[in-house]
Amino acid sequence: MPQVWGHMQITNTGKKMWRIAHLTSVHPRHDTRIFVKQCRSLAEHGYDVTLVVADDKGDEYKDGVQIVDVGRLPGRLNRILRTTRRVFDKAVELDADIYQFHDPELLTTGLKLKQLGKKVIFDSHEDAPKQILNKPYLNPTSLRLLSGMMARYESFACHRFDGIIAATPFIRDKFLSINPNTVDVNNFPLLGELHAVIAWTDKRDEVCFIGGIDAIRGIDEVVRACALLKSPVRLNLAGSFSERPLEAKVKAHPGWGRVNELGYLDRAGVCRVLGRSIAGLVTSHPIANFMEGLPVKMFEYMAAAIPVIASNIPLWREIVEGNDCGLCVDPYDPAAIANAIDYLALNPDVARRMGENGRQAVMQRYNWPAQVAKLTNFYGAISNDQ
């Protein structure tokens, strides 16, 4: 057992056990990137890890990680103004050695922690200034102004942090000019987590769409495609709608009769759905933030050994067609989506081969264990504990 001196822990080997606090005001406590991959991996490598969340589900200790809840407040404005303050107060109370935060709205929190002499890392999951350009509730002029302001503030803050972790190589390249201590830790799947060993002949006539459900991720076109199918395939829809008007609109389509609405699923539930499906859909619109993104669910479909039906975004096409693990379509064309689904349903040998090709690509290249070394080396350099 480690000995405790103040807030520092000393292991039996005499080596300091660095205390790390991960901070989020937005993400769920068991978020795949934050908790399942990063927090658990760091705990397994000897760090004392606490995750601060704001979901009103109470404190919890799970898989070597202490989860601390600051409570949830209603409304976006409350979250930005009051919840972020609660996260900062809890962060100060924890008195950790290194803080890693995961939301752009916590940039100010990161700067305040730097002023207190702490080591601070920003984990950029997406290109926030580009993401702002796709918000539906502001006019284009306001969006461009807000995006520019965000870009300047992000640059100002991130230049002062001890390091930046980026979810993709493209985000990494953006931050390298701002902070040279930047590394990409890609959000690739855990090996074996989602591969349900089910014979192809035991699968159902179903495809799946897993993750956040909103207009820019192509849900309207996918449900419209369901009405055009010639095969008996149904759609497993696993996730939560981002907006009620969109939900009402989509459920009014004739294609909704082909949908199995499953709601939000935990990782075990996702594994079961992937296991029974013959393909996975990731047909997001080719907006700026997606053009250089690496969608997690695309690699999860590959890890589950099912073919991918993906948007014909150049980077995605390179991965899908380059590994012969699926089909690429125009995400705005419901007929093209329906044709791809029908083709895989009516050609099971092709679908099985593509699925296996995707799984092999994940086993060899697109997997989380390959990223852990980058994460722990990055932390080792920052903590001078290599």
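No experiment lies behind these values; they were computed from the predicted model shown.

For the chain, the count of helices and strands is 15 helices and 17 strands. In the form shown here, the chain has an accessible surface area of approximately 17000 Å², with 53% of it arising from carbon and sulfur atoms. Charge centroids of the chain, computed over 47 positive and 44 negative side chains, lie 3 Å from each other.

The next thing to look at is the sheet that holds strand β11 (residues 182-184). Spatially, the 8 strands line up as an open sheet ordered β6-β7-β5-β4-β8-β9-β10-β11, and their pairing is mixed. Looking at which strands have only one partner, the edges of the open sheet turn out to be β6 (60-62) and β11. Between one strand axis and the next, the sheet turns by 20° as a mean value, whatever way the strands run. Alignment of β6 against strand β7 (residues 65-69), held across 3 bridges, turns out to be antiparallel. Paired with Glu-60 across the bridge in β7 is Ile-67.

Okay, helix α1 (residues 32-44) next. In terms of residue burial, α1 counts as a mostly covered element, since 11 of its 13 residues are buried. Those residues of α1 not exposed but buried are Thr-32, Arg-33, Ile-34, Phe-35, Val-36, Lys-37, Gln-38, Cys-39, Ser-41, Leu-42 and Ala-43. With a side-chain oxygen lying 3.1 Å from the backbone nitrogen of Arg-33, the N-terminal cap of α1 falls on Asp-31. Downstream of α1 by one or two residues, Gly-46 has phi in the positive range, about 95°.

This part is about the pairing of β7. Summarising burial for β7: 4 of the 5 residues are buried, a large majority. Sheet topology note: the strand β5 (residues 48-53)/β7 ladder contains 5 bridges and is parallel. Residue pairing in the sheet places Val-53 in a bridge with Asp-69 of β7. Where β6 hands over to β7, the hairpin turn is made up of 2 residues, of which Asp-63 adopts a positive phi near 50°.

The next point concerns the pattern of salt bridges. Counted under the stated rule, the structure contains 29 salt bridges. Ionic pairing is found between Glu-206 and Arg-204, a salt bridge with its closest N-O pair at 3.9 Å. By sharing partners, the salt bridges in this structure join Arg-172, Asp-173, Asp-184 and Lys-374 into a single network.

Further remarks concern the side chain of Asp-55. Among the secondary structure elements, Asp-55 is positioned in the loop between β5 and β6. You can call Asp-55 buried: its relative accessible area is 13%. At 2.7 Å, the side chain of Asp-55 and the side chain of Arg-29 are in polar contact. Those residues in contact with Asp-55 that lie beyond four places of it in its chain are Arg-29, Asp-69, Gly-71 and Arg-72.

This paragraph deals with the packing of helix α7 (residues 219-226) against helix α13 (residues 334-346). Two quantities define a packed helix pair, namely the angle between the axes and the distance from one axis to the other. In contact at an axis separation of 8 Å, α7 and α13 are set at 60° when each is read in the N-to-C sense. Taken together, the axes of α7 and α13 lie oblique to each other. The chirality of how α7 crosses α13 is right-handed. In contact with Glu-221, Val-222, Arg-224 and Ala-225 of α7, α13 contributes Pro-334, Ile-337 and Ala-338. Among the residues making up the contact of α7 with α13, the classes are represented as 5 nonpolar, no polar and 2 charged.

Tallying each qualifying case throughout the model produces 9 aromatic pairs. Between the aromatic rings of Phe-299 and Tyr-366, the centroid separation amounts to 5.1 Å while the plane-to-plane angle is 45°, which identifies the pairing as tilted. In this pair, Phe-299 sits in helix α11 (residues 296-303) while Tyr-366 sits in the loop between α14 (348-364) and α15 (369-383), placing the two residues 67 residues apart along the sequence. Residue classification places Tyr-366 among the buried positions, given a relative accessible area of 7%. Here the basic side chain of Lys-112 rests over the ring of Phe-88, its NZ or CZ set 5.2 Å away from the ring centre.

About the cut-offs
- Residues numbered from 1 in each chain as written.
- Predicted model: local features only at pLDDT ≥ 70, side-chain atom pairs only at ≥ 80, totals over all residues.
- Heavy atoms only, no water.
- Helix = DSSP H or I, 4+ residues; strand = E, 2+ residues; numbered from the N terminus.
- Areas by Shrake-Rupley, 256 points an atom, 1.4 Å probe, with all protein chains shown as cover.
- Lys, Arg positive; Asp, Glu negative; His and termini not counted.
- Charge placed at Lys NZ, Arg CZ, Asp CG, Glu CD.
- Pairing = 2+ DSSP bridges.
- Axes fitted to C-alpha atoms, helices over the stretch in contact; angles between N-to-C directions.
- Buried < 20%, exposed > 50% of the residue type's maximum accessible area, 1.4 Å probe, protein only.
- Polar contact = N/O pair within 3.5 Å; in protein donor to acceptor, adjacent residues only side chain to side chain.
- Salt bridge = Lys/Arg side-chain N within 4 Å of Asp/Glu carboxyl O.
- Contact = heavy atoms within 4.5 Å.
- Parallel < 35°, antiparallel > 145°, perpendicular 65-115°, else oblique.
- Left-handed = near helix turned anticlockwise from the far one by under 90°.
- Nonpolar A, V, L, I, M, F, W, Y, C, P; charged D, E, K, R; others polar.
- Phe/Tyr/Trp six-rings, centres within 6.5 Å; stacked < 30°, edge-to-face > 60°.
- Lys NZ or Arg CZ within 6 Å of the ring centre and 35° of its normal.

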